[in-house]
Amino acid sequence: MGRLARAEVRRGRVGIKIVSLNTGKVVFEQDADKYFMPASNMKNFTVATAMERLGPDYKFVTSVYAEARPDANGIVRGNLRVVGSGDVSISTAFFGTSPSDPETYYKGIDRLVDVIAAAGVKRIEGDLIGDESHFKGSAIPGSWEYDDLQWYYGAEISALPINDNAVDLSVTPGNIGGPCVVNILPTNTIYQIANSCVTTPAATKRTLSVNKQIDRNMLTISGTIPVGDAFRNSITFSHPAELFISILKQRLEKRGIVVTGSTKTIKEAPVIPCKDCREEVIAKLESPRFREIAAKTMKPSQNMYTETILWTLGEEERKRALIAPTAAAPDSSDLGLGVVRNFLTSIGVPADGIVQHDGSGLSRHDLITPGAVVTLYTYMAKQSPNAQAWRDSLTIGGVDGTLANRFKGTAAAGNIRGKTGTIDQVSALSGYMSTAGGEPVVVSIVVNGVPEPRQRTSLIDDIVIAIANFDGKIDLPIGPN
């Protein structure tokens, strides 16, 4: 492939493997068994493992406990404890969002309000407690970089997630010489904002700076923004369970359900204080099926969802293996990584085929081989009972997700279906596609060490389009000259 020798990528590294899905014949490979940083191509391994080990119909459950069911007047005497298990669907990603209609930010949590109301609850004479003890371990993977932790793609993991554990920030100009206008949605009293940003005349240079304290919900807005300009992005929320339980209380009260006590969160399951003391489940909220969550994870490349899936694999393994949740027990993520490793070994990926530190690929310590990706995709297409659910989770060239704006007007549009990956110096694309001759292939392309993103993606796109246009027999060379 002459395209691989061009000056713009010659100092980088490119790993490729293209295999016939029908015969398993290797059509082309280059450094297919060498290590590469995968970026979000790591999600392939985590989500595929979950598709196999949890199943496409798996549901996350949020349970509501009370010391007794509501009485005839709808009164719960005592605390109401909401126990999460990582239901990422309590999110604007599943129900849409419109800054012009702030109510859209509450559609996810309102489903929980619905089941509490349906249980007959009209008044809670006690505290509202958010129990996030289901997961064990640091809310931020230790190998993630500082610069990523402020933005939505570096969001914390919690058993009680809400709206992707981020808030939508907008900074717009005010009057010239006056302060910028800063808004956060959903509106809450937890985030603290220090705004020294100044509005400048149109056509002046924007010098806006947005800085969040990593472990606190404190945001500093400084610099300038000109008239006619605007800044919008999503900022992470530290300890999202606090936001979850605070908004839940607001929405319960909006529904007319009174909470006389305060809100709080706990990271350790409560100890039952006496033999006759017990709680019971008075309401449950189930997530959509995992196949839908997988698509919401893979198509937009959602990091926090993937980490939550990894941690869920770990907690299901803890339950299966009867591992007591003691202080010395492995964290949820460590157990999850073991589940992924065991699954990959069982389908023929060499034990050293990948080096995995997180679920999503945001860690710069992750390593994969194109060969391992092709083995995974081949198994999921030809041997997995969940092949269709897996295929449905993948982004489609020129149609949706992270490939929505790529391959339009080419033979790869609506053809390539797979997973992208992008971090600094890294781009990747792996997936299924067919040649013009009707032959299905699996392809994995990973580019490392090329600083300019467009040079990385154009190389990948040229190769994919060349495969899509190839109308000869599969045993002939494929690729651009």
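Residues numbered from 1 in each chain as written. Predicted model: local features only at pLDDT ≥ 70, side-chain atom pairs only at ≥ 80, totals over all residues. Heavy atoms only, no water.

**Q** Got a minute to help me understand the pattern of salt bridges in this structure?
**A** Pairing is possible between side chains of opposite charge, provided their charged atoms come close. Tallied over the entire structure, the rule returns 21 salt bridges. The closest approach of N and O atoms between Arg-291 and Asp-57, which form a salt bridge, is 3.7 Å. Note that Arg-291 is positioned in helix H5 (residues 290–298) and Asp-57 in the loop between helix H1 (43–53) and strand S3 (61–66), a separation of 234 residues in sequence. Between Asp-461 and Arg-406 there is a salt bridge; the shortest N-O distance is 2.6 Å. Remark: Arg-406 occurs in the loop between strand S21 (395–396) and strand S22 (417–423) and Asp-461 occurs in helix H10 (residues 453–469); sequence separation between them is 55 residues. In terms of burial, Asp-461 and Arg-406 fall into one category: buried. Each of Asp-71, Arg-77, Arg-123 and Glu-125 takes part in one network of salt bridges that share partners. (Salt bridge = Lys/Arg side-chain N within 4 Å of Asp/Glu carboxyl O. Helix = DSSP H or I, 4+ residues; strand = E, 2+ residues; numbered from the N terminus. Buried < 20%, exposed > 50% of the residue type's maximum accessible area, 1.4 Å probe, protein only.)

**Q** Explain the state of the cysteines to me, please; I cannot follow it from the model alone.
**A** Two cysteines form a disulfide when their sulfur atoms are joined by a covalent bond. Per the counting criterion, the structure on display carries 1 disulfide. The residue that forms a disulfide with Cys-180 is Cys-197, at a sulfur-sulfur distance of 2.0 Å. Given an S-S torsion of about -55°, the disulfide between Cys-180 and Cys-197 has left-handed geometry. One end of the pair, Cys-180, is in the loop between strand S8 (166–172) and strand S9 (181–185); the other, Cys-197, is in the loop between strand S10 (192–195) and strand S11 (198–200), and 17 residues separate them in sequence. (Disulfide = S-S within 2.5 Å.)

**Q** Can you walk me through the environment of Lys-284 in this structure?
**A** Within the secondary structure layout, Lys-284 lies in strand S18 (residues 280–286). Considering only alpha carbons, one finds Lys-284 and Val-83, 201 residues apart in sequence, at a separation of 9.5 Å. With residues near it in sequence (within four places) discarded, Lys-284 still touches Val-61, Thr-62, Ser-63 and Val-115. (Contact = heavy atoms within 4.5 Å.)

**Q** Just to check I follow, could you spell out helix H6 (residues 303–320) for this structure?
**A** Think of an α-helix as turning once every 3.6 residues; residues three or four places apart then point the same way. Between its first and last C-alpha, H6 extends 26 Å over 18 residues, near the 26 Å set by a 1.5 Å rise per residue. Along H6, 14 of the 18 residues are buried, which leaves the element largely enclosed by surrounding structure. In the stretch just after H6, Leu-322 is the one whose phi turns positive, near 55°. (Expected span 1.5 Å × (residues − 1).)

**Q** Please clarify how the pairing of strand S13 (residues 218–222) should be interpreted in this entry.
**A** Every regular strand shows the same layout, with side chains that alternate between the two sheet faces. Residues Leu-219 and Ile-221 line the buried face of S13, whereas the alternating positions Met-218, Thr-220 and Ser-222 sit on a face that is not buried. Two strands pair when backbone bridges link them, and S10 and S13 are joined in this way by 4 bridges, in the parallel orientation. If you follow Gln-192 over to S13, its bridge partner there is Met-218. With 4 bridges joining them, strand S12 (residues 209–212) and S13 adopt antiparallel strand pairing. Paired with Asn-211 across the strands is Thr-220, a residue of S13. Taken together, S12 and the strand that follows it, S13, pair antiparallel across an intervening segment of 5 residues. (Pairing = 2+ DSSP bridges.)

**Q** Would you mind going over H5 with me for this structure?
**A** Along H5, the residues classified as buried are Phe-290, Ile-293, Ala-294, Ala-295, Thr-297 and Met-298. Elements in contact with the buried residues of H5: H1, helix H2 (92–95), H6, helix H9 (387–393) and S22.

**Q** What should I look at first to understand unusual backbone geometry in this one?
**A** Generally, phi is negative for residues other than glycine and the peptide bonds are trans, each holding for most cases. Put simply, Leu-185 and Pro-186 share a cis peptide bond, and its omega is -5°. Mapped onto the elements, Pro-186 comes out in the loop between S9 and S10. Even without glycine at this site, Asn-163 takes up a positive phi of about 50°.

**Q** Which parts of the structure should I look at to understand the packing of H1 against H5?
**A** A pair of packed helices is characterised by two quantities: the angle between their axes and the separation of those axes. Look at H1 against H5: their axes get within 11 Å of each other, and the N-to-C directions meet at 175°. One element, H1, and the other, H5, form an angle in the roughly antiparallel class. For the pair H1 and H5, contact is made by Lys-43, Asn-44, Val-47, Ala-50 and Met-51 and by Phe-290, Ala-294, Thr-297 and Met-298, respectively. Tallied by class, the residues present in the contact of H1 with H5 amount to 6 nonpolar, 2 polar and 1 charged. (Axes fitted to C-alpha atoms, helices over the stretch in contact; angles between N-to-C directions. Parallel < 35°, antiparallel > 145°, perpendicular 65-115°, else oblique. Nonpolar A, V, L, I, M, F, W, Y, C, P; charged D, E, K, R; others polar.)

**Q** Explanation requested: the environment of Gly-261 in the structure shown.
**A** Within the secondary structure, Gly-261 is located in the loop between strand S16 (258–259) and strand S17 (263–266). Residue classification places Gly-261 among the partly exposed residues on the basis of a relative accessible area of 21%. Distance from Gly-261 to Leu-80, taken between C-alpha atoms, is 9.9 Å for residues 181 residues apart in sequence. Once residues within four sequence positions are removed from consideration, Gly-261 is found in contact with Gly-126, Asp-127 and Lys-249.

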